[in-house]
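One letter stands for each residue in the lines below.
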Amino acid sequence: MAFSFSSLMVTLALGFLVVFTGKSSAQLSTNFYSKTCPKLLNTVKSAVQSAVSKERRMGASLLRLHFHDCFVNGCDGSILLDDTSSFTGEKTSGPNINSARGFEVVDDIKSKVEKVCPGVVSCADILAIAARHSVAILGGPSWNVKLGRRDSKTASLAAANSGVIPPPTSTLSNLINRFQAKGLSAKDMVALSGAHTIGQARCIAFRNRIYNESNIESSFAKNRRGNCPRATGSGDNNLSPLDFQSPNKFDNQYYKHLLNQKGLLHSDQILFNGGSTDSLVSTYASNSKTFNSDFAAAMIKMGDISPLTGSSGEIRKNCRRPN
């Protein structure tokens, strides 16, 4: 009995070892490529720096690609896929059409990474690293990016159109619910909304707010109307900065604008409109250190949404198409 019991214990122990090693190999880690692609982070950084120096807005565009990627079927690089004969991808979905951009920059980063370590690094991971560098280059916080995601072999227009990415018309409860569905708290949502300290929005996304809403500072609304005509179809793609004071600097100015009813999108101002998130907005407006810290923590959590790991997915050679 003693022998068979100890044999059983050894078998169980080995079983647990296999389970745990399998699990740990499927987890993301900050040093995932430290041996297989040691030059990865610097390669991505120099490419992002080059792109952002040519066009400051590109930092916001790269950050947004990572967000829109993660919210549709997880951080799997699916947003980068062009349509094929077997699927229609996410690029022409409501949240992305005429607004998701930076795909050529991702192509450039991928080609540079392929030169230093071919066939090793996923496009999904490149998006995560590019988002971090974009924020840091524009004056925001940095964080240790967890890596080890693999790329999806397909993409879904229906999934991107399903409402998982909250529209700019969102109510506060819709924002909270959509983020909670991805494992992100209301606090994470308010912190991540601070990404609107950089970047631009199209007239079509804020027209109703500047003409029809009352919780908006009058001179701010008037100035925005100058570049966004009331008539639908007129100037729909005209751009305005989400943070009109420092549109290319990652800071906490966004929250200060909300305190003064100068949020450009309905979904911005709803964060400070007598609801449950008012106190967080006030905190971030008065304390940039707290905002930076919470933003970085929320970005790490967002990067953990349903990654493909282990033998799932693939490492795409070209970010625009499956292998």
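Residues numbered from 1 in each chain as written. Predicted model: local features only at pLDDT ≥ 70, side-chain atom pairs only at ≥ 80, totals over all residues. Heavy atoms only, no water.

Student: Explain the layout of surface pockets here, please?
Tutor: It is the rolling of a water-molecule-sized probe over the atoms that shows where space remains empty. Size it by volume and the largest pocket reaches roughly 1,100 Å³. Lining the largest pocket are 47 residues, and of these R64, H68, P168, H196 and L265 sit closest to its centre. Of all the secondary-structure elements, those providing two or more residues to the lining of the largest pocket are helix 3 (57–71), helix 7 (172–180), helix 8 (186–193), strand 1 (200–202), helix 9 (203–212), helix 12 (266–269) and helix 14 (288–302). Per-element accounting of the lining of the largest pocket gives the leading share, seven residues, to helix 3. For the lining of the largest pocket, the class distribution of residues is 24 nonpolar, 15 polar and eight charged. (1 Å grid on protein atoms, 1.4 Å probe; cavity = no way out; pocket = protein on both sides within 12 Å on 5 of 7 lines; lining within 4 Å. Points joined across faces, edges and corners; volume = space filled by probe spheres on them. Helix = DSSP H or I, 4+ residues; strand = E, 2+ residues; numbered from the N terminus. Nonpolar A, V, L, I, M, F, W, Y, C, P; charged D, E, K, R; others polar.)

Student: What is the right way to look at empty space enclosed by the protein in this model?
Tutor: Considering all chains together, one arrives at one cavity of 30 Å³ or more under this definition. Put simply, the largest cavity is a space of about 80 Å³. If you trace the largest cavity, you find it lined by H66, A128, A131, W143, N144, V145, K146, R149, M299, I300 and G303. Those elements that place two or more of their residues in the lining of the largest cavity are helix 5 (123–137) and helix 14. Per-class residue counts for the lining of the largest cavity are six nonpolar, three polar and two charged.

Student: Explain the pattern of salt bridges here, please?
Tutor: When their charged atoms lie close together, side chains carrying opposite charge are able to pair. Taken as a whole and assessed by the stated rule, the structure comprises 13 salt bridges. Across the salt bridge formed by K91 and D82, the nearest N and O atoms sit 2.5 Å from each other. Classification of D82 by relative accessible area gives partly exposed; the value is 27%. The network of salt bridges with common partners includes D82, K91, E104, D107 and R320. (Salt bridge = Lys/Arg side-chain N within 4 Å of Asp/Glu carboxyl O. Buried < 20%, exposed > 50% of the residue type's maximum accessible area, 1.4 Å probe, protein only.)

Student: Quick question: what am I supposed to make of the side chain of D251 here?
Tutor: Looking at the element boundaries, D251 is found in the loop between strand 2 (239–241) and helix 11 (253–259). The side chain of D251 is buried and forms no salt bridge, while K249, the nearest opposite charge, is found at 4.6 Å. Engagement of the side chain of D251 in a polar contact is seen with the side chain of T197, the distance being 2.8 Å. Filtering out sequence-adjacent residues up to four positions away, D251 remains in contact with T197, D243, S246 and F291. (Lys, Arg positive; Asp, Glu negative; His and termini not counted. Polar contact = N/O pair within 3.5 Å; in protein donor to acceptor, adjacent residues only side chain to side chain. Contact = heavy atoms within 4.5 Å.)

Student: Could you clarify how one ought to interpret the state of the cysteines in this entry?
Tutor: Working definition of a disulfide: a covalent bond connecting the sulfur atoms of two cysteines. Evaluated as defined, the whole model comprises four disulfides. Across the disulfide, C70 is cross-linked to C75 (sulfur-sulfur distance 2.1 Å). Looking along the S-S bond of the C70-C75 disulfide, the torsion reads about 115°, which is the right-handed sense. Using a relative accessible area of 0% as the deciding quantity, one classes C70 as buried. Take C75: its relative accessible area is 0%, and that puts it in the buried class. One disulfide in the model links C203 with C228; its S-S distance is 2.0 Å. Its torsion about the S-S bond being 70°, the disulfide of C203 and C228 is classed as right-handed. (Disulfide = S-S within 2.5 Å.)

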